[in-house]
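Report on the structure
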Amino acid sequence: MSDWLEHSVQVEVEVPIELAWELWSDLEQMPRWMKWIDSVEVLKEDPDLSRWKLASTGFEFSWLSRIMKLVPHQIIQWESVDGLPNRGAVRFYDRKDSSIVKLTIAYGIPGILGQLMDNLFLGNLVESTIQEDLERFRDYALKVKG
């Protein structure tokens, strides 16, 4: 049994949507801006599957994720198929000279762990972390744009 927590954050990036999409859809580059993601490996035999490793001080999780929906320049939606239970989507909104990138993630916390931890504290920590990740993505995209 798991309790699910969900968070949504967004950032405006001053790059064309094509560039925002190109950078984000290269999943193996995620560790460049996502602080807790240690590595992402897209499986050669099935490019819809990717192996993720999340690492931080004292803990490590991994999971296999499947792309459930992919619409270029609009959405990448995923769901874990083993390991850490999670699902979510990143959505892209074209604003002519800039793009809005909106990230929604949901993850399962084992019931006993949820009882031991304050879900509000954990939720605030995760939300602030993924907001910082999106801000690092914006900075990265601006550097790439030149």
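An account of the accompanying structure is given in this report. Computed from a prediction, not measured in an experiment: that's the story for all the values here. (Residues numbered from 1 in each chain as written. Predicted model: local features only at pLDDT ≥ 70, side-chain atom pairs only at ≥ 80, totals over all residues. Heavy atoms only, no water.)

Now for the pairing of strand β2 (residues 37-42). Each regular strand displays side chains that alternate between the two surfaces of the sheet. For β2 and strand β3 (residues 49-56), the ladder comprises five bridges, and the chain directions are antiparallel. Paired with S39 across the strands is K53, a residue of β3. Linking β2 back to β3 in an antiparallel pair, the connection comprises six residues. (Pairing = 2+ DSSP bridges. Helix = DSSP H or I, 4+ residues; strand = E, 2+ residues; numbered from the N terminus.)

Scanning the model with the defined rule gives six salt bridges in all. Note that R51 and D82 form a salt bridge whose closest N and O atoms lie 3.4 Å from each other. Here R51, found in strand β3, pairs with D82, found in strand β5 (residues 75-83); they are 31 residues apart in sequence, far enough to count as distant. Of the residues examined, D82 reaches a relative accessible area of 34% and is grouped as partly exposed. Here D139 and R138 are joined by a salt bridge, their closest N and O atoms 3.8 Å apart. Classification of D139 as partly exposed rests on a relative accessible area of 40%. (Salt bridge = Lys/Arg side-chain N within 4 Å of Asp/Glu carboxyl O. Buried < 20%, exposed > 50% of the residue type's maximum accessible area, 1.4 Å probe, protein only.)

What follows is about the environment of Q77. Relative to the helices and strands, Q77 resides in strand β5. Since its relative accessible area comes to 30%, Q77 is described here as partly exposed. For Q77 and S65, which are 12 residues apart along the polypeptide, the C-alpha to C-alpha distance reads 10 Å. Contact partners of Q77, with chain neighbours within four places excluded, come to R66, I67, M68, K69, G88 and A89. (Contact = heavy atoms within 4.5 Å.)

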